[in-house]
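Here is how the chains run, residue by residue.
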Amino acid sequence: AASRLGAVTITSANNVSVNNISAASLTQSAGSGVTTLGNITTNSTSPSFAGGAVSLTSGVLNITGGIDARGDGVTSGQAGGNVSLTASTGNVTVGAVDTSGGAGQTGPGGAGGDVFLAASSGSVVLNGNVTTDGGGSTTGAKAVGGRVTFASPVVVAAPLTLSTSGGNGTAA
């Protein structure tokens, strides 16, 4: 099995192409041309870790798989990571995005991460569900779902569910 990378930062790039990436977080601060990525995973299989942030900026963004930035949890749920995708010269195309907070078993649930999608000179093309649910808890406080912001026209290219609910639990 492939090991997970630490925080990955790309300061500036032209025409990036990576099949799949598993990292603590992923940032591309600037880019030109097309950034094409397969599946992006910033959640952890280890208990009690928050989901890692994904922040990508390029001319065109093409995420052919999905983004998994879910929080985890054992005692208390951990927050999902925020996702921000911005294209300056074309479309942002993305599959499913999941920034859900982790469920708490005896402590509070984790909040869902926020999702921001923008294409300055194009559209946001969605090929999957967007989920930012807050984690629930059997005995602790429920958590709020994250916000979803579309700063450009949206093209729905596949059946779509947007879910931003809070988790089950006691008082918020």
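Residues numbered from 1 in each chain as written. Predicted model: local features only at pLDDT ≥ 70, side-chain atom pairs only at ≥ 80, totals over all residues. Heavy atoms only, no water.

Q: Explanation requested: the pairing of strand β3 (residues 21–28) in the structure shown.
A: Sheet faces and side chains relate simply in a regular strand, where the side chains alternate between the two faces. Sheet topology note: the strand β1 (residues 5–10)/β3 ladder contains five bridges and is parallel. In the sheet register, Thr-9 faces β3, and the bridge partner there is Thr-27. With two bridges joining them, β3 and strand β5 (residues 40–41) adopt parallel strand pairing. Across the sheet, the residue bridging to Ser-22 is Thr-41, located in β5. Bridge count for β3 against strand β6 (residues 54–58) is three bridges, and the pairing is parallel. The residue bridging Thr-27 from the neighbouring strand is Ser-55, located in β6. (Pairing = 2+ DSSP bridges. Helix = DSSP H or I, 4+ residues; strand = E, 2+ residues; numbered from the N terminus.)

Q: Got a minute to help me understand the pattern of salt bridges in this structure?
A: Working definition: two side chains of opposite charge can pair if their charged atoms are close together. Scanning the entire structure with this criterion turns up two salt bridges. With its nearest N and O atoms 2.8 Å apart, the salt bridge here joins Arg-70 to Asp-68. Taking the relative accessible area as the measure of exposure, Arg-70 reaches 34% and is therefore partly exposed. Classification of Asp-68 as buried rests on a relative accessible area of 17%. Here Arg-147 and Asp-114 are joined by a salt bridge, their closest N and O atoms 2.8 Å apart. You can see Arg-147 sitting in the loop between β14 (130–131) and β15 (148–150) and its partner Asp-114 sitting in the loop between β11 (97–98) and β12 (115–119), a full 33 residues away along the chain. Classification of Arg-147 as exposed rests on a relative accessible area of 59%. (Salt bridge = Lys/Arg side-chain N within 4 Å of Asp/Glu carboxyl O. Buried < 20%, exposed > 50% of the residue type's maximum accessible area, 1.4 Å probe, protein only.)

Q: What exactly am I supposed to notice about unusual backbone geometry here?
A: The phi angle of most residues is negative, glycine excepted, and most peptide bonds adopt the trans form. A positive phi angle, near 55°, is found at Asn-15, a position not held by glycine. With respect to the helices and strands, the residue Asn-15 is situated in strand β2 (residues 13–18).

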